[in-house]
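# Overview (structure and organization)
What follows is the residue order along each chain.
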Amino acid sequence: MTLRQGQGPAVERHDAVDVIRTKRDGGEVSADALHWLIDAYTRGYVADAQMAAFAMAVLLNGMSRDEIRVMTEAMIASGERMSFEGLGKPTVDKHSTGGVGDKITLPLAPLVASFGVAVPQLSGRGLGHTGGTLDKLESIPGWTAALSNDELFEQLRDVGAVICAAGSGLAPADKKLYALRDVTGTVEAIPLIASSIMSKKIAEGTDALVLDVKFGSGAFMRDVERARELARTMVALGTDSGVATTALLTDMNVPLGLTIGNANEVRESVEVLAGGGPADVVELTVALAREMLALAGKPDADVEAALADGRAMDSWRAMIRAQDGDPDAALPEPRETHTVNAPESGFVTRMDALPFGVAAWRLGAGRARAEDPVMHAAGIDLHAKPGDEVTAGQPLFTLLGHDETRFERALQALEGSWEVGSDAPDRNPLVLERITA
Ligand code: URA
């Protein structure tokens, strides 16, 4: 195996094995060596095997705050850095670590933009049980995710809100490293997650950023302590890089809202923009909007009023039209449905987010491989949530899809994941904590 090829002076500045040994033995890697490592890996001079060993050493031994900052800077330097200077308004973005039924970006971006703030929301597609924002929006006939940098700038100036595909030019080192981590059991390293997420967000050029870091069964981080550590690490990284950053630590043990899928999540987002929608979706949208507007210098913005009086809806319609979508078009409908009813009267005591996410994915709402298509009409509509009182025979949830053969596998995923009992469960706060620099 050739571990280093095409050597030139820059390539030979450090030795990958020395860098790996330093981290393996719990030492601190110098800034120059880290910059070199990321650059040499991106160019193909450092082999996948070496980078995987380094990632495992980071997973086991961690990184200092300085190392994480340098690693993030190196990943930013691997690609383009966008700038929204000249836009004439502040920019603020939101990033969620992902969850089941998490459609918050859809109502949030136009809501915040309705206050004259630019929201450049560069998003991805879903993989596995967490949905992707672009997949949801692609349920809207005509809507396109691909925008050039010039189109992005113009839409931010004219409309304020943009949700579009992140170009491949942002942090290409992260793209390569993330794919490697995925197959080497090193995704879970907090320094690597934090530098991965923040390199893309900082390269995007936003002035401010609000992070929705989720914990619980449907979240990337199940454990609240680890979610808190991730949130603190990312807030520190953003702040150190001059991006005003705060985070909310939010509960993802139960699906968010009453829809899991794509078209049905768009429908629910429109309900929120029309001043209705499920209480938890409204609560989180409002909490994140307040954080974003405070960072954009508008701490007194009346967010609820913009939802109630149609300003946020106007902003949504302009955002969808600007990307060739028809906000009035009918959304895709499932050909088949299957409803599960309450077996007895009582309270819904449990609905575990992860199995509901897996079931929606098995119905066709998500994809197993990046190149797979999604079925926009597939998913799950919930009719009750934990804490709700139900009577025997009352619908609890409905599976949606085009293909009845998928229903059995979805129902298998849901076995033991929900419960109706005689006592109302305790309600946990949705927003547990706010984390600032
Ligand atoms: N999302 C990312 O973009 N990177 C990670 O490492 C994990 C989640």
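Since this is a predicted model, take the numbers as computed values, not measurements.

### Remarks on the domain arrangement of the protein chain
- Here the protein chain is described as being made up of domain 1 (2-80), domain 2 (85-328) and domain 3 (336-421).
- Relative to domain 3, the C-alpha centre of domain 1 lies at a distance of 44 Å.

### A short note on the site of the ligand
- With respect to spatial proximity, the complete set of residues near the ligand consists of Tyr178, Arg181, Ile193, Ser196, Ile197, Lys200 and Phe220.
- The separation between an oxygen atom of the ligand and a polar side-chain atom of Arg181 is 2.8 Å.
- Between the ligand and Lys200 there is a distance of 2.5 Å, counted from an oxygen atom to a side-chain nitrogen or oxygen.
- Here the ligand has 230 Å² of accessible area as a free molecule, and 87% of this is covered by the chains.
- The biggest single contributor to the shell around the ligand is helix 9 (residues 190-203), with four residues.

### So, the nonpolar core
- If you look at the biggest cluster of nonpolar residues, it comprises 72 residues, and the most contacted ones within it are Val112, Trp316, Ile380 and Phe397.
- With eight residues, the single largest contributor to this core is helix 12 (residues 279-295).
- Here this core spans two domains, and each of domain 2 (85-328) and domain 3 (336-421) adds at least three residues to it.
- The residues touching Ile380, leaving out its near neighbours within four places in the chain, are Leu258, Thr259, Ile260, Asn264, Phe356, Ala359, Ala360, Leu363, Phe397, Thr398, Leu399 and Leu400.

### Things to note about the packing of aromatic side chains
- If you walk through the whole model with that rule in mind, you get two aromatic pairs.
- Judged by centre distance (5.2 Å) and plane angle (80°), the rings of Phe356 and Phe397 are edge-to-face. Residue Phe356 is found in helix 15 (residues 353-365), and its partner Phe397 is found in strand 11 (residues 395-401); the two are separated by 41 residues along the sequence. There is no split in this pair, since Phe356 and Phe397 are both buried.
- Seen from their ring centres, Phe397 and Trp418 are 5.9 Å apart, and the 80° between their planes marks the pair as edge-to-face. In this pair, Phe397 sits in strand 11 while Trp418 sits in strand 12 (residues 418-421), placing the two residues 21 residues apart along the sequence.
- A relative accessible area of 1% places Phe397 in the buried class.
- A residue is classified by how much of its surface remains accessible, and Trp418, at 22% relative accessible area, is partly exposed.
- An aromatic cluster of three or more residues is present, and its members are Phe356, Phe397 and Trp418.
- The ring of Tyr41 carries the charged tip of Lys176 above its face, separated from the ring centre by 4.4 Å.

### Details of the sheet that holds strand 4 (residues 208-215)
- Strand order in the open sheet formed by four strands is 1-4-5-13, with mixed pairing between adjacent strands. Among the strands making up the open sheet, the edge pair consists of strand 1 (92-96) and strand 13 (431-435). Going across the sheet, the axis of each strand differs from the next one's by a mean of 15°, ignoring polarity.
- With four bridges joining them, strand 5 (residues 244-251) and strand 13 adopt antiparallel strand pairing. Directly across from Leu248, in strand 13, lies its bridge partner Arg434.
- Against the sheet, helix 10 (residues 224-240) makes contact with strand 4, strand 5 and strand 13, and its axis sits at roughly 165° relative to strand 5, the strand it touches most.
- Packed on one face of the sheet, helix 12 meets strand 1, strand 4, strand 5 and strand 13 and runs near 150° to strand 4.

Quick notes on the rules
- Residues numbered from 1 in each chain as written.
- Predicted model: local features only at pLDDT ≥ 70, side-chain atom pairs only at ≥ 80, totals over all residues.
- Heavy atoms only, no water.
- Domains from an automatic or database assignment.
- Near = heavy atom within 4 Å.
- Polar contact = N/O pair within 3.5 Å; in protein donor to acceptor, adjacent residues only side chain to side chain.
- Areas by Shrake-Rupley, 256 points an atom, 1.4 Å probe, with all protein chains shown as cover.
- Helix = DSSP H or I, 4+ residues; strand = E, 2+ residues; numbered from the N terminus.
- Core = buried A, V, L, I, M, F, W, Y, C linked by side-chain atoms within 4.5 Å.
- Buried < 20%, exposed > 50% of the residue type's maximum accessible area, 1.4 Å probe, protein only.
- Contact = heavy atoms within 4.5 Å.
- Phe/Tyr/Trp six-rings, centres within 6.5 Å; stacked < 30°, edge-to-face > 60°.
- Lys NZ or Arg CZ within 6 Å of the ring centre and 35° of its normal.
- Pairing = 2+ DSSP bridges.
- Axes fitted to C-alpha atoms, helices over the stretch in contact; angles between N-to-C directions.

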